[in-house]
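This is what each chain is made of:
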Amino acid sequence: MAHVVILGAGMGGMPAAYEMKAELGKDHEVTLINASEDFHFVPSNPWVGVGWRNRQDISFPIAPAVQRKKINFIAQKVSKIEANNNRIILANDEIIEYDYLLITTGPKLAFDEVPGLGPDGFTHSICTLGHAEKAYEGYQELLENPGPVVIGAAQGASCFGPAYEYVTIVDTALCKAKCRDKVPMTFITSEPYIGHLGLGGVGDSKSMLESELRNRHIKWISNAKIAKVEKGIMFVDEHNEQGEVIKQHEVPFNYSMMLPAFKGIDAVANVEKLCNPRGFVTVDEYQRNKTYPNIYAAGVCIAIPPVEATPVPTGTPKTGYMIESMVTAIVQNISSEIKGNAPTTTGTWNAICLADMGDTGAAFVAIPQIPPRNMTWFKKGKWVHIAKIAFEKYFLRKMKNGTSEPLYEKYVLKAMGIERLK
């Protein structure tokens, strides 16, 4: 009997556990380990940040859901991975041995790389549910005391979509509250231009997103590096294409939400020869680490090089469809290895995204994610807003019921009118 351990029960880990158990059956053991007892739908965090969703709407207890599928569940943080001994030490000192390890932990949020950034400093975050709830508290204070708002993504960030979502959702929410006229808004991003998205742009994303911000009276500073944040003021260096500082801004704010750069979590980053210098797991085409071939990884925690060099550092996003594809490949490869065969399945590293904008939305497809591409598709419309709301309910229902279906391929592509991504 083989024992497969999955670290992290997020957008990659939960589907991985279900798919792994369905593939391996009762003859093998699957254990899911997560720092908290609940699953939550991360793509809904921007809505939580303005009070359009709450914790109960987008989360549920993991244990009852996975245990119905005969999957073990442990709600503990991981203190150490002893990769040479094929075992994990948990925060409560419990030791878990494994034959195969799948890491889907997501990132460590590197707020400390910018003085004053983050919930412990002077800006908010929507990276976790707890952060989004605190951001909503700040948003309520903004309604009581309207003033300048700054939203965006710091240098080194790799997940720009939620920043665009949140700035447009806040705009929509303020319009509904009839106080938008009292709130100047600025979008600050490390991207070399609006709509770069860490992907070198997708089709007309530059002109479409610039138009969207312009129509909403949202100013922007791109090629931006945040020097520091103090109470009510952000110090921003704007760069040219050569990476030289061309202007220094002091941007006032009553309320700010800034996405940070990501790193690997400590327990993963501390394993010798497992990760790159940022703590992201290095993997081959089969999603396994070369030093420890029985360790696989998927999602935000893996190392993917930037799409292109940019004047201010930007990372490459890992979208839901990409993560789903990685997970499916890993399940097939571990199954093959258990049967005594070599892994042969590779993930489809194509990017697809549904981004809500409060009262409309934008959807894009990039095949492959790194240009030049075989397919580029970017569209905007009310249907995206509706489709993302529907997908939230669909995904949560499927996770509660324990599905092993490819949800992005089944639902999101259908919503886009695309049958399948090759």
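Residues numbered from 1 in each chain as written. Predicted model: local features only at pLDDT ≥ 70, side-chain atom pairs only at ≥ 80, totals over all residues. Heavy atoms only, no water.

Draft legend 1. Structural context of the environment of W383. When you line up the elements, W383 lands in helix α10 (residues 382–401). Separated by 171 residues in sequence, W383 and E212 have C-alpha atoms that sit 16 Å apart. (Helix = DSSP H or I, 4+ residues; strand = E, 2+ residues; numbered from the N terminus.)

Draft legend 2. Looking closely at the pairing of strand β14 (residues 224–230). Two elements, β14 and strand β15 (residues 233–239), share six bridges in a ladder whose sense is antiparallel. By the bridge assignment for β15, I226 is matched with V236. Between β14 and β15, which pair antiparallel one after the other, the connecting turn spans two residues, and G232 there sits at a positive phi close to 80°. (Pairing = 2+ DSSP bridges.)

Draft legend 3. Layout of the pairing of strand β11 (residues 149–153). With five of five residues buried, β11 lies mostly within the body of the structure. Side-chain alternation along β11 places V149, I151 and A153 on one buried face and V150 and G152 on a second face that is also buried. Each parallel crossover has a hand, and for β11 linked through helix α6 (residues 161–176) to strand β12 (residues 185–189) it is right-handed. (Buried < 20%, exposed > 50% of the residue type's maximum accessible area, 1.4 Å probe, protein only. Right-handed = clockwise from strand over helix to strand, strands pointing away.)

Draft legend 4. Molecular detail of the nonpolar core. In terms of nonpolar packing, the biggest core is built from 136 residues, with M14, M20, L32 and I103 touching the most fellow members. The residues contacting L32, other than those within four sequence positions of it, are I6, G8, A9, G13, M14, A17, I62, V66, I71, N72, F73 and I74. (Core = buried A, V, L, I, M, F, W, Y, C linked by side-chain atoms within 4.5 Å. Contact = heavy atoms within 4.5 Å.)

Draft legend 5. View of the packing of helix α5 (residues 129–144) against α6. The N-to-C vectors of α5 and α6 enclose an angle of 40°; their axes lie 12 Å apart at closest approach. The pairing of α5 with α6 is recorded here as oblique in orientation. Here α5 runs over α6; the crossing is right-handed. Within the contact between the two elements, α5 uses A135, Y139, L142 and L143 and α6 uses Y166, V170, A173 and L174. The residue makeup of the contact of α5 with α6, split by class, is eight nonpolar, no polar and no charged. (Axes fitted to C-alpha atoms, helices over the stretch in contact; angles between N-to-C directions. Parallel < 35°, antiparallel > 145°, perpendicular 65-115°, else oblique. Left-handed = near helix turned anticlockwise from the far one by under 90°. Nonpolar A, V, L, I, M, F, W, Y, C, P; charged D, E, K, R; others polar.)

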